[in-house]
Amino acid sequence: KVIGVSEIGKYHIYENIPNQDSIFYKKFNNSIIGAIADGVGSKIHSDKGSSILTKEAVLFANRFYNNKVYFENRLKKKVIKKLYPINLNDALST
């Protein structure tokens, strides 16, 4: 069983800003891989960035977890491609 929770803050509600947090998990054979990202609130598309990042991180972790450098480079390229035409700096997430 996997449970994930994210709560939108009062400032986000007041300013009509979407929740930029993302939680994604997927079951692979006998294991579950999950990712959590906290979008950078000062960036206009950080909700999209965190959503794409979590999904891609889980899928890449399942395929490439043995090669960290390859994983990070491929993940960054894939996220940038999926965000296009949004600038990566406007979709920051941690």
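See the structure printed just above.
Predicted model, so just to flag it, every value in this text is computed and none were measured.

Here is what the cut-offs are and how they apply
Residues numbered from 1 in each chain as written. Predicted model: local features only at pLDDT ≥ 70, side-chain atom pairs only at ≥ 80, totals over all residues. Heavy atoms only, no water. Helix = DSSP H or I, 4+ residues; strand = E, 2+ residues; numbered from the N terminus. Contact = heavy atoms within 4.5 Å. 1 Å grid on protein atoms, 1.4 Å probe; cavity = no way out; pocket = protein on both sides within 12 Å on 5 of 7 lines; lining within 4 Å. Points joined across faces, edges and corners; volume = space filled by probe spheres on them. Nonpolar A, V, L, I, M, F, W, Y, C, P; charged D, E, K, R; others polar. Salt bridge = Lys/Arg side-chain N within 4 Å of Asp/Glu carboxyl O. Buried < 20%, exposed > 50% of the residue type's maximum accessible area, 1.4 Å probe, protein only. Pairing = 2+ DSSP bridges.

Draft legend 1. Geometry of the side chain of Gln20. Relative to the helices and strands, Gln20 is located in the loop between helix H1 (10-14) and strand S1 (21-28). For Gln20, the residues in contact, after removing those within four places along its chain, are His12, Ala37, Asp38, Gly39, Gly41, Ser46, Asp47 and Ser50.

Draft legend 2. Representation of the layout of surface pockets. Roughly 160 Å³ of volume is contained in the largest pocket. Taken together, Gly49, Ser50, Leu53, Leu75, Lys76, Val79, Ile80, Leu88, Ala91, Leu92 and Ser93 make up the lining of the largest pocket. Elements with a contribution of two residues or more to the lining of the largest pocket: helix H2 (46-64) and helix H3 (68-83). Here the lining of the largest pocket gets 4 residues from one element, more than from any other, and that element is H3. Of the residues in the lining of the largest pocket, the class split is 7 nonpolar, 3 polar and 1 charged.

Draft legend 3. Broad picture of unusual backbone geometry. At the junction of Tyr84 and Pro85, the peptide bond is cis and its omega measures out at 15° in the coordinates. The backbone of Asn16 sits at a positive phi, close to 55°, despite the residue not being glycine. With respect to the helices and strands, the residue Asn16 is situated in the loop between H1 and S1.

Draft legend 4. Main features of the pattern of salt bridges. Enumeration over the complete set of coordinates arrives at 2 salt bridges. The residue Lys78 makes a salt bridge to Glu56 at a minimum N-O spacing of 3.7 Å. Here Glu56 lies in helix H2 and Lys78 lies in helix H3, a separation of 22 residues in the sequence. Among the salt bridges present, the one from Glu56 reaches Lys82, with a minimum N-O distance of 2.9 Å. Of this pair, Glu56 sits in helix H2 while Lys82 sits in helix H3, and the two are 26 residues apart along the sequence. Given a relative accessible area of 5%, Glu56 falls into the buried group. Judged by relative accessible area, which is 46%, Lys82 ranks as partly exposed. Linked by salt bridges that have partners in common, Glu56, Lys78 and Lys82 make up one network.

Draft legend 5. Geometry of the pairing of S1. As paired elements, S1 and strand S2 (residues 31-38) share 8 bridges and run antiparallel to each other. Looking at the pairing, Lys27 lines up with Ile32 of S2. Linking S1 to S2, which pair antiparallel, is a turn of 2 residues; within it Asn29 sits at a positive phi near 50°.

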